[in-house]
Protein chains: 2
Amino acid sequence: MFSVKEYEERLKKTKMKMVESGIDVLLISNPSNMYYLTNYNAWSFYVHQMMIVTLEDSQPIWIGRHMDATSVAKTTWLDENHIISYPDYYVQSSERHPMDFVVKIIDEIGHSKRKIGLEMDAHYFTALCFQRLLNGLPNAEFKDATVLVNRVRLIKSDQEISYMRKAASIVERAMQAAYDTLGTGVRECDVAAAIYQAQISGLDECGGDYPSIVPMLPTNDNTSCPHLTFSERRYKKGDFLTIEIAGVYKRYHAPLARTLALGEAPHHVKELSKVVQEGIEKTLEVIVPGITAEEVERTWSEAIAKYGYQKSSRLGYSIGASFPPDWGEHTVSFRTGDKSILKPNMTFHLMPGIWYESYGVEITESILITKKGVEPLTQFSRDLYEKPIIETAL
Amino acid sequence: MFSVKEYEERLKKTKMKMVESGIDVLLISNPSNMYYLTNYNAWSFYVHQMMIVTLEDSQPIWIGRHMDATSVAKTTWLDENHIISYPDYYVQSSERHPMDFVVKIIDEIGHSKRKIGLEMDAHYFTALCFQRLLNGLPNAEFKDATVLVNRVRLIKSDQEISYMRKAASIVERAMQAAYDTLGTGVRECDVAAAIYQAQISGLDECGGDYPSIVPMLPTNDNTSCPHLTFSERRYKKGDFLTIEIAGVYKRYHAPLARTLALGEAPHHVKELSKVVQEGIEKTLEVIVPGITAEEVERTWSEAIAKYGYQKSSRLGYSIGASFPPDWGEHTVSFRTGDKSILKPNMTFHLMPGIWYESYGVEITESILITKKGVEPLTQFSRDLYEKPIIETAL
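Residues numbered from 1 in each chain as written. Chains lettered and ligands numbered in written order. Predicted model: local features only at pLDDT ≥ 70, side-chain atom pairs only at ≥ 80, totals over all residues. Heavy atoms only, no water.

The name recorded for chain A in an unreviewed UniProt entry is X-Pro dipeptidase, from Alkalihalophilus marmarensis DSM 21297.

Okay, here's the thing in structure tokens:
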């Protein structure tokens with residue numbers, strides 16, 4: 001947990017953005033934002049819950065399911081007056097909806113006629129939640145505040161950076177576990193199990209945490225499908241694969257992807273890997289505070305265009321503390337049109353994955369913008385890894 | 001993958017429910033429902049995607065991000081005319097939204113003035129998705145169809161049951177791994193890592209899959225918080241804990257929870273465990289096809305009330321194939337007011353967890369409704385497990 005002072009500072013910055021946006025009351029559905037403001041970290045986001053920040057109150061109010069209220073009291077800095085729970089008969093009911101309960105509370109505490117910010121595109125803020133709030137609060141004025149808190153999260157504190165460094169050490173260990181486990185006859189799920197073991201146990205000095213995205217390790221022509229997870233298939237000599245995983249410490253993520261082969265990789269995979277590596281190096285050379293997100297992408301595009309390649313998807317995105325189903329912060333992206341200016345203590349997943357119809361290559365880095373430039377958080381060779389085949393007499 | 005015939009049968013049942021509900025076009029956001037109808041199984045649900053079922057078309061249409069289209073082509077029974085992708089600049093953009101693209105497609109294929117069903121309360125169908133559809137399709141008539149496909153999923157095919165039996169064997173192995181790893185000085189994350197290793201590697205004859213909920217293993221007074229995950233804390237003699245996990249095979253889940261202690265458990269935990277076990281036995285005795293969901297709960301309530309206990313949350317819920325953040329099907333719940341009639345090949349997580357202010361007990365079963373009664377899918381002792389302490393000289 002961070003100090004109460006740090007949480008208060010985060011809340012203060014949130015309120016400043018609320019004032020800028022003309023919002024009196026902010027309703028937070030995004031579990032990453034709840035965690036950021038209060039340390040609330042339970043797997044309770046599969047039922048509806050809500051955090052209410054008002055300009056006047058010195059603490060957010062949590063509203064959620066009765067059985068989860070104890071975990072809020074035990075793990076956050078909220079006092080008991082700021083923890084309100086609804087009975088279990090509101091859960092997944094065709095008659096009652098948790099937002100009806102939230103409406104009642106908002107009315108009771110006198111905010112039903114105010115300017116209310118909603119995280120309109122947050123994963124767990126469903127259409128029905130919205131409809132119930134609209135119906136229940138006819139005199140409120142609603143505004144979209146989807147990434148309001150996310151934008152506060154962009155620049156990390158030193159303690160947050162120290163967590164991400166631990167996450168980076170964990171992902172190095174997890175990627176090494178994958179390298180060590182890969183072999184002919186081994187199943188994809190066995191490599192995934194070794195990755196998980198390393199991710200979750202973490203290091204001797206700090207335990208791991210679950211990642212917001214599961215290991216993705218497509219093989220051969222499935223490398224054209226970046227979001228396939230893993231199967232029961234057994235590896236054969238000549239297979240190539242991409243592995244995209246993250247290390248996590250107290251919800252802070254450091255993602256990493258690499259490309260591997262069992263034995264020799266196909267020529268086109270080798271060629272593309274070299275181009276991607278050179279592109280990463282060129283890109284890292286130009287990153288300094290003060291440049292824009294789109295400039296980062298432009299450098300990359302030029303570096304690979306020289307060899308006749310192009311990448312149609314964004315080159316990366318802001319990262320930090322997060323909950324499933326995504327480890328991205330949904331704010332700054334390295335792509336044309338994103339004119340956000342890079343600042344020290346921002347953190348990104350530099351994601352130069354390239355996917356064609358029949359193959360793909362992924363070699364990525366979690367990076368920290370420093371005062372003078374940029375620093376990869378992980379130290380792990382970017383080379384395409386061609387694992388020697390050990391011939392065994394069967 | 002199931003046979004195309006089975007997918008067509010599922011689609012036919014979905015269309016029948018659409019007709020019953022007065023719906024011409026169904027928009028599906030729930031990844032579990034996408035998977036159920038087409039075998040689509042990639043971790044792509046963190047960006048917006050949509051499946052369109054119309055009464056006329058013999059296949060659903062998938063609309064999603066360009067980089068994911070290849071995985072739909074490779075893993076589902078949809079032909080290329082039913083796979084449509086949007087460019088990457090729609091992803092997490094403040095200017096463009098994927099639902100604007102979906103609107104365009106719905107208009108192009110002539111459905112903009114029809115009766116359209118929406119999964120209003122599905123996790124990834126956000127308020128903004130809804131608003132963009134409303135704005136983009138002013139002549140459509142929208143209806144809530146949140147659990148329309150979920151209700152088709154209620155009764156499992158024999159192949160689905162066989163998957164859940166494999167999942168049950170996997171969760172037995174994962175729970176045993178937790179029992180074996182627990183010890184003084186061991187960290188919570190080390191037990192979680194052992195659980196994961198077993199869940200993901202699965203069995204020799206079938207590989208595991210990732211569960212929709214991560215291992216939850218709160219200790220001591222945190223057992224009052226069912227949805228806390230795990231920490232770096234080291235176990236001490238006298239600790240007691242609950243473990244709730246699932247085994248998964250091809251997305252089909254078999255959850256299981258148990259209560260453990262390192263050495264002797266506190267008296268009140270032992271007492272409550274006995275009551276819960278007796279309650280489970282009494283409940284299993286009455287379950288037969290034809291009774292209602294609320295009757296199951298009533299038997300349980302009476303069994304524990306005899307000893308002065310009560311449980312305020314539902315006693316269980318329907319389970320099957322699912323994706324994060326939940327392994328429940330969101331249809332039938334064992335609770336007062338749910339008059340759904342139990343039928344053969346329905347499957348449930350019988351979830352008699354009881355949580356007080358300072359402690360909780362969880363002993364649960366995944367169960368199958370058979371032609372004549374009920375069958376627990378797992379064979380794992382329900383006794384409170386008091387692990388002997390091995391004294392080592394340090």
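From this point on, the discussion continues.
Visitor: What should I look at first to understand the UniProt feature "domain: Creatinase N-terminal" (unreviewed entry) in chain A in this one?
Guide: Following the UniProt record, one finds the feature "domain: Creatinase N-terminal" (unreviewed entry) at residues 10-155 of chain A. The span residues 10-155 of chain A is 38% helix and 18% strand, and its two end C-alpha atoms sit 11 Å from each other. (UniProt positions renumbered as here; feature names shortened; annotations may be inferred. Helix = DSSP H or I, 4+ residues; strand = E, 2+ residues; numbered from the N terminus.)

Visitor: Any chance you could explain the packing of aromatic side chains here in plain terms?
Guide: How two aromatic rings sit relative to each other is set out by the distance from centre to centre and by the angle between their planes. Under the counting rule described, the total for this entry stands at 46 aromatic pairs over all chains. A cation sits over an aromatic face here: Arg10(A) above Tyr36(A), 4.2 Å from the ring centre. The positively charged end of Arg251(B) is found above the aromatic ring belonging to Tyr210(B), 3.8 Å away from the centroid. (Phe/Tyr/Trp six-rings, centres within 6.5 Å; stacked < 30°, edge-to-face > 60°. Lys NZ or Arg CZ within 6 Å of the ring centre and 35° of its normal.)

Visitor: I tried to follow the UniProt feature "domain: Peptidase M24" (unreviewed entry) in chain A on my own but got confused; where do I start?
Guide: Feature annotation in UniProt assigns "domain: Peptidase M24" (unreviewed entry) to the following positions: residues 163-371 of chain A. Annotated as residues 163-371 of chain A, this span is 32% helix and 21% strand, and its ends, taken at the C-alpha atoms, are 19 Å apart.

Visitor: Please explain the domain arrangement of chain A as it appears in this structure.
Guide: By a frequent convention, interface size equals the accessible area lost on bringing the separate parts together. Residue and element names in this part refer to chain A. Domain boundaries assigned for chain A yield domain 1 (4-152) and domain 2 (158-387). Just the C-alpha atoms count here: the centres of domain 1 and domain 2 sit 33 Å apart. Every contact between the two is made by 15 residues of domain 1 and, on the other side, 15 residues of domain 2. Summing the contributions of domain 1 and of domain 2, the shared interface buries around 1300 Å²; its carbon and sulfur component is 58%. The tally of links from domain 1 across to domain 2 stands at 1 salt bridge. Arg-10 serves as the salt-bridge partner of Glu-160, at 3.7 Å between the closest nitrogen and oxygen. (Domains from an automatic or database assignment. Contact = heavy atoms within 4.5 Å. Buried area = accessible area lost by both parts, 1.4 Å probe. Salt bridge = Lys/Arg side-chain N within 4 Å of Asp/Glu carboxyl O.)

Visitor: What should I look at first to understand the interface of chain A and chain B in this one?
Guide: Each side of the interface is counted separately: chain A has 77 residues, and chain B has 77 residues. The contact between chain A and chain B buries some 6300 Å² in all, and 57% of this surface belongs to carbon and sulfur atoms. Scanning the region where chain A abuts chain B turns up 4 salt bridges. Between Lys74(A) and Asp221(B) there is a salt bridge, and its shortest N-O distance comes to 3.0 Å.

Visitor: Teacher, can you tell me more about the sheet that holds strand 16 (residues 385-387) of chain A here?
Guide: Two modes of strand pairing occur in sheets, parallel and antiparallel, and in both the strands are linked by backbone hydrogen bonds. All names here are of chain A. In space, the 3 strands of this open sheet follow the order 7-8-16, with mixed pairing throughout. Either end of the sheet is taken by a strand with one partner, and the two such strands are strand 7 (240-249) and strand 16. Between one strand axis and the next, the sheet turns through 35° on average, direction left out of account. Relative to strand 16, strand 8 (residues 252-262) runs parallel, the two sharing 3 bridges. Note that in strand 16 the partner of Leu-262 across the bridge is Lys-387. (Pairing = 2+ DSSP bridges. Axes fitted to C-alpha atoms, helices over the stretch in contact; angles between N-to-C directions.)

Visitor: How should I be thinking about the relation of the copies chain A and chain B in this particular structure?
Guide: The two chain copies are connected by a rotation around an axis plus a translation along it. With an RMSD of 0.0 Å, chain A superimposes on chain B once it is rotated by 180° and translated 0.0 Å along the axis. Each copy turns onto its partner about a two-fold axis. (Least-squares fit on C-alpha atoms with pLDDT ≥ 70 in both.)

Visitor: What's the story with the sheet that holds strand 11 (residues 347-350) of chain A in this structure? I'm lost.
Guide: Residues and elements named next belong to chain A. Judged by pairing direction, the sheet is antiparallel, and its 5 strands sit side by side in the order 10-9-11-14-15 without closing on themselves. Since the sheet does not close on itself, it has two edges, and those belong to strand 10 (328-333) and strand 15 (374-376), each with one partner. Sheet twist, expressed as the mean angle between neighbouring strand axes with direction ignored, is 35°. Taken together, the 4 bridges between strand 11 and strand 14 (residues 365-369) define a ladder with antiparallel strand orientation. Its bridge partner being in strand 14, His-349 is matched across the sheet by Ser-366.

Visitor: Can you help me understand the pattern of salt bridges in this one?
Guide: Opposite charge on two side chains makes pairing possible when the charged atoms of those side chains draw close. The tally for this structure, following the rule as stated, stands at 44 salt bridges over all chains. With a shortest N-O distance of 2.9 Å, Glu264(B) and Lys270(B) are connected by a salt bridge. Salt bridges sharing common partners tie together Glu6(A), Arg10(A) and Glu160(A).

Visitor: Hey, could you run me through unusual backbone geometry in this one?
Guide: A negative phi holds for most residues other than glycine; trans holds for most peptide bonds. Residue and element names in this part refer to chain A. Cis geometry marks the peptide bond from Pro-324 to Pro-325; its omega dihedral reads 15°. Considering the arrangement of structural elements, one finds Pro-325 in the loop between strand 9 (316-319) and strand 10. The residue Asn-220 is not glycine, and still its phi comes out positive at about 50°. Inspection of the secondary structure puts Asn-220 in the loop between helix 8 (188-201) and strand 7. With a phi angle near 45°, Lys-250 is a residue other than glycine that sits in the positive phi range. Looking at the secondary structure, you find Lys-250 in the loop between strand 7 and strand 8.

Visitor: For this particular structure, what's the right way to read the environment of Tyr235(A)?
Guide: Residue and element names in this part refer to chain A. Residue placement: Tyr-235 occurs in the loop between helix 8 and strand 7. By relative accessible area, Tyr-235 is classed as buried at 2%. Between the C-alpha atom of Tyr-235 and that of Gly-185, which follows or precedes it by 50 residues, the distance is 5.3 Å. If we ignore the near neighbours within four places in the chain, the residues touching Tyr-235 are Leu-182, Gly-183, Thr-184, Gly-185, Val-186, Arg-187, Glu-188, Val-191, Leu-217, Thr-219, Leu-241 and Leu-262. (Buried < 20%, exposed > 50% of the residue type's maximum accessible area, 1.4 Å probe, protein only.)

Visitor: Teacher, can you tell me more about helix 4 (residues 98-108) of chain A here?
Guide: Every α-helix carries 3.6 residues per turn, so stepping three or four residues along brings you back to the same face. Restricting attention to buried positions, one finds in helix 4 of chain A the residues Pro98(A), Met99(A), Phe101(A), Val102(A), Val103(A), Ile105(A) and Ile106(A). Following helix 4 of chain A by one or two positions, Gly110(A) has its phi on the positive side, about 85°.

Visitor: Teacher, can you tell me more about the nonpolar core here?
Guide: Soluble globular proteins tend to pack their nonpolar side chains together in the buried interior. Among the nonpolar cores identified, the biggest contains 225 residues, and Phe125(A), Leu133(A), Phe125(B) and Leu133(B) are the most heavily contacted of them. Among all residues touching Phe125(A), those that are not within four sequence positions of it are Ser29(A), Met50(A), Leu118(A), Glu119(A), Met120(A), Phe130(A), Leu133(A), Phe125(B), Thr126(B) and Ala127(B). (Core = buried A, V, L, I, M, F, W, Y, C linked by side-chain atoms within 4.5 Å.)

Visitor: For this particular structure, what's the right way to read the pairing of strand 5 (residues 115-118) of chain A?
Guide: A regular strand places its side chains so that they alternate between the two faces of the sheet. Residues and elements named next belong to chain A. Both strand 1 (residues 25-28) and strand 5 contribute to a ladder of 3 bridges, which runs parallel. Among the inter-strand pairings, Leu-27 is bridged to a residue of strand 5, identified as Leu-118. Pairing of strand 5 with strand 6 (residues 141-144), which is carried by 4 bridges, proceeds in the parallel orientation. For Leu-118, the partnering residue across the bridge sits in strand 6 and is Asp-144.

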